[in-house]
Amino acid sequence: RYRVTETVQAEALETVRWSGDNATQVGLRAAIDDRNTVYFNERLAHRDGRSISNTVIGAERRWGQDGQGRTYGEHQLEFASEHPTNRAVAGVGRTFDLNTDLSLDGGYERSQVVYGRTTEQSRDAVSVGLRWQATARLKLRSRNELRYEDYAPSTERGDRLQLGTFHWGQFKLNADFSLRSQIGR
(Lines give C-alpha, C1' and ligand atoms only; values in the text may rest on other atoms or scores of the structure.)
Protein backbone atom coordinates (compact mmCIF):
# COMPACT_ATOMS: atom_id res chain seq x y z
CA ARG A 1 0.00 0.00 0.00
CA TYR A 2 1.09 3.52 -0.74
CA ARG A 3 -0.25 6.52 1.15
CA VAL A 4 -1.38 9.09 -1.46
CA THR A 5 -2.75 11.63 1.03
CA GLU A 6 -3.48 11.56 4.75
CA THR A 7 -6.83 9.82 4.09
CA VAL A 8 -6.29 7.99 0.75
CA GLN A 9 -4.18 4.89 0.10
CA ALA A 10 -3.43 3.21 -3.22
CA GLU A 11 -2.76 -0.51 -3.18
CA ALA A 12 -1.48 -3.12 -5.59
CA LEU A 13 -1.37 -6.86 -5.05
CA GLU A 14 -0.10 -9.67 -7.27
CA THR A 15 -1.17 -13.28 -6.62
CA VAL A 16 0.68 -16.18 -8.25
CA ARG A 17 -0.40 -19.80 -7.73
CA TRP A 18 1.41 -23.08 -8.31
CA SER A 19 -1.30 -24.00 -10.85
CA GLY A 20 -0.20 -21.13 -13.11
CA ASP A 21 -3.25 -19.01 -12.27
CA ASN A 22 -2.49 -15.43 -11.33
CA ALA A 23 -4.27 -12.21 -10.40
CA THR A 24 -3.48 -8.52 -10.20
CA GLN A 25 -5.44 -6.18 -7.96
CA VAL A 26 -5.23 -2.38 -7.86
CA GLY A 27 -7.40 -0.11 -5.80
CA LEU A 28 -7.99 2.88 -3.59
CA ARG A 29 -9.06 3.15 0.05
CA ALA A 30 -10.37 6.40 1.50
CA ALA A 31 -10.95 7.08 5.18
CA ILE A 32 -14.12 9.08 5.79
CA ASP A 33 -13.17 9.46 9.46
CA ASP A 34 -11.24 7.42 12.03
CA ARG A 35 -13.87 4.61 11.97
CA ASN A 36 -15.31 4.53 8.42
CA THR A 37 -13.59 3.60 5.16
CA VAL A 38 -14.74 3.16 1.55
CA TYR A 39 -12.77 1.22 -1.05
CA PHE A 40 -12.67 0.43 -4.74
CA ASN A 41 -10.66 -2.42 -6.29
CA GLU A 42 -10.21 -3.78 -9.77
CA ARG A 43 -9.01 -7.39 -9.98
CA LEU A 44 -7.72 -8.89 -13.21
CA ALA A 45 -7.19 -12.65 -13.08
CA HIS A 46 -6.28 -15.59 -15.24
CA ARG A 47 -7.87 -18.72 -13.77
CA ASP A 48 -8.38 -22.13 -15.37
CA GLY A 49 -7.47 -20.71 -18.77
CA ARG A 50 -10.04 -17.89 -18.53
CA SER A 51 -9.59 -14.15 -18.14
CA ILE A 52 -11.69 -12.60 -15.38
CA SER A 53 -12.26 -8.97 -14.41
CA ASN A 54 -13.78 -8.18 -11.01
CA THR A 55 -14.85 -4.72 -9.80
CA VAL A 56 -15.33 -4.36 -6.04
CA ILE A 57 -16.96 -1.40 -4.27
CA GLY A 58 -17.28 -1.58 -0.50
CA ALA A 59 -17.34 0.12 2.87
CA GLU A 60 -16.28 -0.85 6.36
CA ARG A 61 -16.84 0.48 9.84
CA ARG A 62 -14.63 -0.07 12.87
CA TRP A 63 -16.46 -0.35 16.19
CA GLY A 64 -15.83 -0.91 19.90
CA GLN A 65 -13.90 1.34 22.23
CA ASP A 66 -10.61 -0.01 20.87
CA GLY A 67 -11.80 -0.01 17.22
CA GLN A 68 -11.01 -3.71 16.85
CA GLY A 69 -14.51 -4.68 15.74
CA ARG A 70 -15.31 -4.49 12.03
CA THR A 71 -18.46 -4.66 9.91
CA TYR A 72 -18.33 -4.46 6.13
CA GLY A 73 -20.38 -4.77 2.99
CA GLU A 74 -19.38 -4.86 -0.65
CA HIS A 75 -20.70 -5.39 -4.13
CA GLN A 76 -18.61 -7.36 -6.62
CA LEU A 77 -19.29 -7.40 -10.34
CA GLU A 78 -17.35 -10.10 -12.17
CA PHE A 79 -16.96 -10.38 -15.92
CA ALA A 80 -15.74 -13.69 -17.32
CA SER A 81 -15.97 -15.00 -20.85
CA GLU A 82 -19.33 -16.72 -20.21
CA HIS A 83 -21.48 -14.27 -18.24
CA PRO A 84 -21.40 -11.45 -15.65
CA THR A 85 -21.83 -12.37 -12.00
CA ASN A 86 -23.11 -10.17 -9.15
CA ARG A 87 -22.01 -10.93 -5.60
CA ALA A 88 -23.12 -9.21 -2.40
CA VAL A 89 -20.94 -9.75 0.68
CA ALA A 90 -21.55 -8.69 4.30
CA GLY A 91 -19.54 -9.57 7.37
CA VAL A 92 -18.65 -8.86 10.95
CA GLY A 93 -15.45 -9.60 12.86
CA ARG A 94 -13.65 -8.83 16.08
CA THR A 95 -10.03 -8.91 17.22
CA PHE A 96 -9.04 -9.58 20.82
CA ASP A 97 -5.54 -8.74 22.05
CA LEU A 98 -4.02 -11.63 24.01
CA ASN A 99 -0.85 -9.63 24.73
CA THR A 100 1.10 -6.83 23.02
CA ASP A 101 2.28 -9.07 20.14
CA LEU A 102 -0.47 -11.68 19.76
CA SER A 103 -4.18 -11.35 18.99
CA LEU A 104 -7.14 -13.63 18.30
CA ASP A 105 -9.60 -12.94 15.44
CA GLY A 106 -13.12 -14.23 14.93
CA GLY A 107 -15.67 -13.48 12.23
CA TYR A 108 -18.73 -14.35 10.18
CA GLU A 109 -19.36 -13.61 6.48
CA ARG A 110 -22.41 -14.10 4.27
CA SER A 111 -22.35 -13.84 0.48
CA GLN A 112 -25.02 -14.21 -2.18
CA VAL A 113 -24.15 -14.80 -5.84
CA VAL A 114 -26.56 -14.02 -8.67
CA TYR A 115 -26.13 -15.07 -12.29
CA GLY A 116 -28.61 -13.13 -14.43
CA ARG A 117 -31.89 -12.96 -12.48
CA THR A 118 -31.67 -16.04 -10.28
CA THR A 119 -29.74 -16.71 -7.10
CA GLU A 120 -27.32 -19.53 -7.78
CA GLN A 121 -25.26 -19.73 -4.60
CA SER A 122 -25.01 -18.46 -1.05
CA ARG A 123 -22.12 -18.96 1.34
CA ASP A 124 -21.82 -18.66 5.09
CA ALA A 125 -18.35 -18.69 6.65
CA VAL A 126 -17.19 -18.67 10.27
CA SER A 127 -13.51 -18.04 10.96
CA VAL A 128 -11.01 -17.93 13.80
CA GLY A 129 -7.39 -16.90 13.54
CA LEU A 130 -4.22 -15.60 15.18
CA ARG A 131 -2.08 -12.55 14.41
CA TRP A 132 1.49 -12.14 15.58
CA GLN A 133 3.39 -8.86 15.32
CA ALA A 134 6.85 -10.47 15.29
CA THR A 135 8.69 -7.15 14.95
CA ALA A 136 7.74 -3.58 14.13
CA ARG A 137 8.13 -4.48 10.42
CA LEU A 138 7.03 -8.15 10.28
CA LYS A 139 3.46 -9.36 10.80
CA LEU A 140 2.27 -12.99 10.49
CA ARG A 141 -1.34 -14.20 10.40
CA SER A 142 -3.12 -17.55 10.23
CA ARG A 143 -6.87 -18.15 9.86
CA ASN A 144 -9.06 -21.24 9.81
CA GLU A 145 -12.45 -21.02 8.14
CA LEU A 146 -15.51 -23.27 8.03
CA ARG A 147 -17.71 -22.58 4.97
CA TYR A 148 -21.10 -23.85 3.94
CA GLU A 149 -21.93 -23.28 0.27
CA ASP A 150 -25.59 -23.65 -0.68
CA TYR A 151 -26.14 -24.04 -4.42
CA ALA A 152 -29.50 -23.59 -6.17
CA PRO A 153 -31.27 -26.83 -7.12
CA SER A 154 -30.99 -25.87 -10.79
CA THR A 155 -27.18 -26.14 -10.70
CA GLU A 156 -25.28 -29.37 -11.25
CA ARG A 157 -23.10 -28.79 -8.21
CA GLY A 158 -24.31 -29.99 -4.80
CA ASP A 159 -24.06 -28.13 -1.51
CA ARG A 160 -20.76 -28.48 0.28
CA LEU A 161 -19.06 -27.92 3.60
CA GLN A 162 -15.40 -26.88 3.53
CA LEU A 163 -12.64 -26.32 6.06
CA GLY A 164 -9.84 -24.05 4.89
CA THR A 165 -6.66 -22.67 6.39
CA PHE A 166 -4.96 -19.49 5.18
CA HIS A 167 -1.61 -17.92 6.09
CA TRP A 168 -0.16 -14.45 5.45
CA GLY A 169 3.11 -12.69 6.03
CA GLN A 170 3.65 -8.94 5.67
CA PHE A 171 6.94 -7.06 5.73
CA LYS A 172 6.89 -3.28 5.99
CA LEU A 173 9.66 -1.78 3.84
CA ASN A 174 9.04 1.77 5.07
CA ALA A 175 6.13 3.95 6.20
CA ASP A 176 4.54 3.85 2.71
CA PHE A 177 5.37 0.39 1.26
CA SER A 178 4.70 -3.17 2.44
CA LEU A 179 5.24 -6.59 0.86
CA ARG A 180 2.68 -9.33 1.53
CA SER A 181 2.72 -13.07 0.91
CA GLN A 182 -0.30 -15.34 1.14
CA ILE A 183 -0.69 -19.14 1.15
CA GLY A 184 -3.88 -21.15 0.98
CA ARG A 185 -6.44 -19.04 -0.79
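So, how was this worked out
- Residues numbered from 1 in each chain as written.
- Predicted model: local features only at pLDDT ≥ 70, side-chain atom pairs only at ≥ 80, totals over all residues.
- Heavy atoms only, no water.
- Helix = DSSP H or I, 4+ residues; strand = E, 2+ residues; numbered from the N terminus.
- Buried < 20%, exposed > 50% of the residue type's maximum accessible area, 1.4 Å probe, protein only.
- Contact = heavy atoms within 4.5 Å.
- Pairing = 2+ DSSP bridges.
- Phe/Tyr/Trp six-rings, centres within 6.5 Å; stacked < 30°, edge-to-face > 60°.
- Lys NZ or Arg CZ within 6 Å of the ring centre and 35° of its normal.

Quick word on the environment of Gln121
1) Next: Mapped onto the elements, Gln121 comes out in strand β9 (residues 118-133).
2) Next: Under the relative-accessibility criterion, Gln121 is labelled buried at 11%.
3) Next: Through-space distance from the C-alpha of Gln121 to that of Thr7 is 36 Å; in sequence the pair is 114 residues apart.
4) Next: Setting aside its immediate chain neighbours within four residues, Gln121 contacts Ser111, Gln112, Val113, Tyr115, Glu149, Asp150 and Tyr151.

Looking at the pairing of strand β6 (residues 69-79)
1) Next: Sheet topology places strand β5 (residues 50-63) next to β6; 11 bridges connect them, and they run antiparallel. The residue of β6 that forms the bridge with Gly58 is Glu74.
2) Next: Between the antiparallel neighbours β5 and β6 lie 5 residues, among them Gly64 with a positive phi of about 90°.
3) Next: Relative to strand β7 (residues 84-97), β6 runs antiparallel, the two being bridged by 11 bridges. Each bridged residue has a counterpart across the sheet, and for Gly69 the counterpart in β7 is Arg94.

Regarding the pairing of strand β2 (residues 8-16)
1) Next: When strand β1 (residues 2-3) meets β2, the two strands line up antiparallel, connected through 2 bridges. Residue pairing in the sheet places Arg3 in a bridge with Gln9 of β2.
2) Next: Counted along the chain from β1 to the antiparallel partner β2, the turn is 4 residues long.
3) Next: Counting the residues between successive antiparallel strands, the hairpin from β2 to strand β3 (residues 22-31) contains 5 residues, one of them, Gly20, with a positive phi of roughly 100°.

Here's the deal with the packing of aromatic side chains
1) Next: Using the criterion set out here, one finds 1 aromatic pair in the structure.
2) Next: Both rings, one in Tyr2 and one in Phe177, keep their centres 5.3 Å apart while their planes meet at 35°; by these two values the pair is tilted. Placement of Tyr2 in strand β1 and of Phe177 in the loop between β11 (160-172) and β12 (178-183) is noted, with a sequence separation of 175 residues between them.
3) Next: Judged by its relative accessible area of 42%, Phe177 is partly exposed.
4) Next: We note Arg94 situated over the ring of Phe96; from NZ or CZ to the ring centre the distance is 5.0 Å.
5) Next: Taking the ring centre of Trp168 as reference, the NZ or CZ of Arg141 above it sits at 4.8 Å.

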